[in-house]
Amino acid sequence: MNDYDHLASRLRDAGHDVDAVERALALLVIETPSWGYGDSGTRFATFQQAGRPRDVFERLDDAAETHRLTGSASAVALHFPWDRVEDYAALREHASAHGLAIGAVNPNLFQDPDYRLGSVTHPDGAVRAKALEHLRECVEIATELGSTAQSLWFADGTNYPGQDDLAARRERLYDSLGQLYAALPDEQELLVEYKLFEPAFYATDLADWGSALLVCQKLGERARVLVDLGHHAQGVNIEQIVALLGLEGRLGGFHFNNRKYADDDLIVGSVNPFELFLIFCELAARPLPRLTIDQAHNVEAKVEAMVLSIVNLQEAYAKALLVDRGRLAAAHAEGDVLGGHHALLDAYNTDVRPLCAKVRAEQGAAEDPIAALKASGYAARAAEQRGSTAAVAGGWGR
Ligand code: LRH
Ligand code: MN
């Protein structure tokens, strides 16, 4: 009996609907970020890697390889102007030719020098108008690319007490996003991402989930909160935020990554896999929101990092689908403090790798994506074709 048969029979004996778990896993769609394949770094350095994509078309090629190997990466989130091209129809065609859909569109209002003191919250109305112009351009780009979401993160904030009027900035934020929401076509929604700090180091205008939820409730039904795992203070219970926003119907999206200290943007599940499992336990209780990876692979091989990230997400979701919800509810009803915890631990300690491998194989992907990637020679071929560290178009810090 192979590992899968052994696992499946043990799970069925324990009363799990293994077919239902496999169907749910096969439907999992994770958006990979175009910027996760390109150059990225810290304020100290950006280390260019041989073979990294030279433009958005090659970033899509790397995303297609990630999807070929994992079966769950059939959409790509784009960032503008990093992914700007003349012909968006050609970009859309290139994506669909590789079996990829265009995911969320991410405007960039954090690099232009005009945004030093803010973008949609800037004291100067002309700067806010310029920011809105970029946001409207991204709405049009999304329409051309068939994307249904504007994923909004604003670096807006201040560095010193007294630098600006905190309430006035808030009113400017409401006014700017109100204008954007009014211009939003019906098929698009806004995802509002918050972040505790960086690049602002005194007050960030969208610093936490409550701040983002207030904005969304003011804007309308098609504005929901996006949770980035690296954007919280140490010790914050993120799975509780997921439960709360899910209950409110305001959990619009996720930026998966992992951190030990701050917004480290490391591979999801690489620091705290138990937290990732607990987050999926809350996510699996409702229809899944838009799931996107948001990582910066500063020193590690970028396609391999993305493939491992998808595998970690598949395994976390599979474990969450194996939580015995009936046993959990019974323990809660009986006040059995550890009863529920044991139910979670049993699911978390289940080695789901044979099941994930079987589902990937049934989708025509790889049982062992990392081994398949290494065997494919994809990275060496890319380095051969794309050359080493020549200047590239678009990307972090450019
Ligand atoms: C900000 C952020 C945001 C992106 C950027 C690449 O820290 O998480 O989601 O625009 O990273
Ligand atoms: Mn993010």
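Residues numbered from 1 in each chain as written. Chains lettered and ligands numbered in written order. Predicted model: local features only at pLDDT ≥ 70, side-chain atom pairs only at ≥ 80, totals over all residues. Heavy atoms only, no water.

**Student:** Kindly report on helix α9 (residues 273-283), identifying the contributing residues and their values.
**Tutor:** Within α9, eight of the 11 residues are buried, which leaves it mostly tucked inside the rest of the structure. All buried positions along α9 are accounted for by Glu275, Leu276, Phe277, Leu278, Ile279, Phe280, Cys281 and Leu283. (Buried < 20%, exposed > 50% of the residue type's maximum accessible area, 1.4 Å probe, protein only. Helix = DSSP H or I, 4+ residues; strand = E, 2+ residues; numbered from the N terminus.)

**Student:** Give me the lowdown on the coordination of the manganese ion (ligand 2), citing residues and values where you can.
**Tutor:** Coordination of the manganese ion (ligand 2) by the protein is provided by Glu193 (OE), Asp228 (OD), His255 (ND1) and Asp294 (OD), with metal-donor distances spanning 2.1 to 2.2 Å. Angles of 72 to 170 degrees at the metal separate the six donor atoms of the manganese ion (ligand 2), which places the site in the octahedral class. All donors of the manganese ion (ligand 2) come from a single chain, and their spacing in sequence reads E-x34-D-x26-H-x38-D. A residue pair is termed long-range when its members are at least 10 positions apart, and Glu193 in strand β6 (residues 189-193) and Asp228 in strand β8 (residues 223-228) qualify at 35 residues. (Donors = N, O, S within 2.8 Å, 3.2 Å for Na, K, Ca; no water. Tetrahedral: all angles 85-135°; square planar, octahedral: opposite > 155°, others 65-115°.)

**Student:** An account of the pattern of salt bridges is needed here, citing residue identities and associated values.
**Tutor:** A full pass over the atoms with the stated rule returns 23 salt bridges. Asp112 is the partner of Lys130 in a salt bridge, and the nearest nitrogen-oxygen pair spans 2.7 Å. Taken together, the positions of Lys130 in helix α5 (residues 125-145) and Asp112 in the loop between β3 (101-107) and α5 put the pair 18 residues apart, joining distant regions of the chain. Among the ionic pairs, Arg169 bridges to Asp205, the shortest N-O distance being 2.9 Å. Placement of the pair is Arg169 in helix α6 (residues 166-182) and Asp205 in the loop between β7 (203-204) and α7 (209-219), with a sequence separation of 36 residues. Take Arg169 and Asp205: they sit in the same class, and that class is buried. (Salt bridge = Lys/Arg side-chain N within 4 Å of Asp/Glu carboxyl O.)

**Student:** Report on the site of ligand 1, specifying residues and quantitative values.
**Tutor:** As a structural note, the neighbourhood of ligand 1 is formed by 12 residues, with His79, Glu193, Lys195, Asp228 and Asp294 the closest of them. Between His79 and ligand 1, the recorded distance is 2.8 Å, taken from a side-chain N or O atom to an oxygen atom. In the model, an oxygen atom of ligand 1 is placed 2.7 Å from a nitrogen or oxygen of the Glu193 side chain. Summarising the interface, the protein chains cover 96% of the accessible area of ligand 1, which totals 300 Å² for the free molecule. Here the residues of the shell around ligand 1 are counted per class, giving four nonpolar, three polar and five charged. (Near = heavy atom within 4 Å. Polar contact = N/O pair within 3.5 Å; in protein donor to acceptor, adjacent residues only side chain to side chain. Areas by Shrake-Rupley, 256 points an atom, 1.4 Å probe, with all protein chains shown as cover. Nonpolar A, V, L, I, M, F, W, Y, C, P; charged D, E, K, R; others polar.)

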